[in-house]
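Notes for the structure review
Below are the chains, spelled out letter by letter.
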Amino acid sequence: MRLVGKTAVITGAASGIGRAIALLYASQGAQVVIADVRSDPREGGKTTEQTIRDAGYEVLSVNCDVSQWNDVQLLVDTAVEKFGRLDIMVNNAAVSPDGNLVETTDDMWDMVMGINLKGVFYCCKKAVMQMLLQAPVNEVRGRIVNISSQHGMISAPGSFAYGVSKSGVVYMTRQIASDYAQHQIICNAVAPGKIITGKSGSAVSPEMIEYSRQRTPMTRLGRPEDVAKAALFLGSDEASYITGVNLLVDGGWMAS
């Protein structure tokens, strides 16, 4: 129960990695606020909210488009009104449409940057604004955990805008960590490698899955729970002197 008494907001929590983080955080004692523009998980089955409630944990669901400042303000304000403070902000919401440089349209670029980059900017900004108002607990006012990607450091074949947006998240994480460490606010990121979720598209084509299997030193590809466990560590008091880190969860891909 590493998050007992802590309030955590998780964006993009309806499916995949965000869902796994929300379920794990709830099981570890956090008061979870799940945010998404949808409720039905891509994997099928019960919603994240219902799954958490059925397990006997406390949860609040807020419809939120992270690319809209008013939505983000309402999200954090609602969490604080309900639970008293914001201890952990997990920025997971993202989209990854196919398209190389030439194929990327203005609309596609604006959508990806609006959600993947501006959305993280908005959520980090609002989280820090709230955390600055809070008294420290165990020498920390609050923690931010951004979900970046290995493609923030290497190319994202066939997904130009996505890779650019994730590289921005990696930089943003370091800048926030540097600027706000003196204010006892911690900011880190988790960079997943090939994680099998309910997403569709060329990234999960048989050819790409086989390429990823050959490219990954470990004997399996990643699961959402692998990323969730890293996000749990960075959101817990155990990560008390770690900030500005982009933690790879990639089965050794980037090491080989």
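Quick look at the structure, then. Source: prediction; values computed, not measured. (Residues numbered from 1 in each chain as written. Predicted model: local features only at pLDDT ≥ 70, side-chain atom pairs only at ≥ 80, totals over all residues. Heavy atoms only, no water.)

Quick look at the packing of helix 3 (residues 69–83) against helix 4 (residues 106–131)
Definition in use: Axis definition: a line fitted to C-alpha atoms, limited for helices to the stretch in contact. Angles are taken between N-to-C directions and run from 0 to 180 degrees. Numbering of helices and strands starts at the N terminus; helices are DSSP runs of H or I of at least 4 residues and strands are runs of E of at least 2. The sense of a crossing depends on the near helix, which, turned anticlockwise from the far helix by less than a right angle, makes the crossing left-handed and, turned clockwise, makes it right-handed. Residue contacts are defined here by distance: any two heavy atoms, one from each residue, within 4.5 Å place the two residues in contact. Throughout this entry, Asp, Glu, Lys and Arg are counted as charged residues, while Ala, Val, Leu, Ile, Met, Phe, Trp, Tyr, Cys and Pro are counted as nonpolar. The remaining residues, Gly among them, count as polar.
Between helix 3 and helix 4, the least distance of the axes is 10 Å, while the angle of their chain directions is 35°. Like other packed secondary-structure pairs, helix 3 and helix 4 cross with a definite hand, here right-handed. Between helix 3, through W69, V72, Q73, V76, D77 and V80, and helix 4, the contact on the second element is made entirely by Y122, C123, K125, K126, M129 and Q130. Residues of the contact of helix 3 with helix 4, tallied by class, amount to seven nonpolar, two polar and three charged.

Points about a nonpolar patch on the surface
Using the following cut-off: Patch criteria: residues need more than 30% relative accessible area and no salt bridge. Like-charged residues are merged within 9 Å; nonpolar side chains of Val, Leu, Ile, Met, Phe, Trp and Tyr are merged within 5 Å. A 1.4 Å probe and the Shrake-Rupley method give the accessible areas. Residues count as covered only by the protein chains that appear here. Here a salt bridge means any side-chain nitrogen of Lys or Arg lying within 4 Å of a carboxyl oxygen belonging to Asp or Glu. Accessible area is worked out with a 1.4 Å probe on protein chains only. A residue is then buried under 20% of its type maximum, exposed over 50%, and partly exposed in between.
The grouping of L101, V102, W109 and F160 at the surface amounts to a nonpolar patch, some 410 Å² of accessible area in total. With respect to the helices, strands and loops of the structure, F160 is situated in helix 5 (residues 160–180). Judged by its relative accessible area of 31%, F160 falls in the partly exposed class.

Some details on the pattern of salt bridges
Opposite charge on two side chains makes pairing possible when the charged atoms of those side chains draw close. What the rule picks out here adds up to eight salt bridges. D237 is the partner of K6 in a salt bridge, and the nearest nitrogen-oxygen pair spans 3.2 Å. Residue K6 is found in the segment before strand 1 (7–11), and its partner D237 is found in the loop between helix 7 (224–235) and strand 7 (246–249); the two are separated by 231 residues along the sequence. Given the relative accessible area of 9%, K6 is considered buried. Judged by relative accessible area, which is 29%, D237 ranks as partly exposed. In this structure, R143 and D237 form a salt bridge, with 3.4 Å as the shortest nitrogen-oxygen distance. Note that R143 is positioned in strand 5 (residues 142–147) and D237 in the loop between helix 7 and strand 7, a separation of 94 residues in sequence. Overall, R143 belongs to the buried group, its relative accessible area being 3%. Among the charged side chains, a salt-bridge network with shared partners connects K6, R143 and D237.

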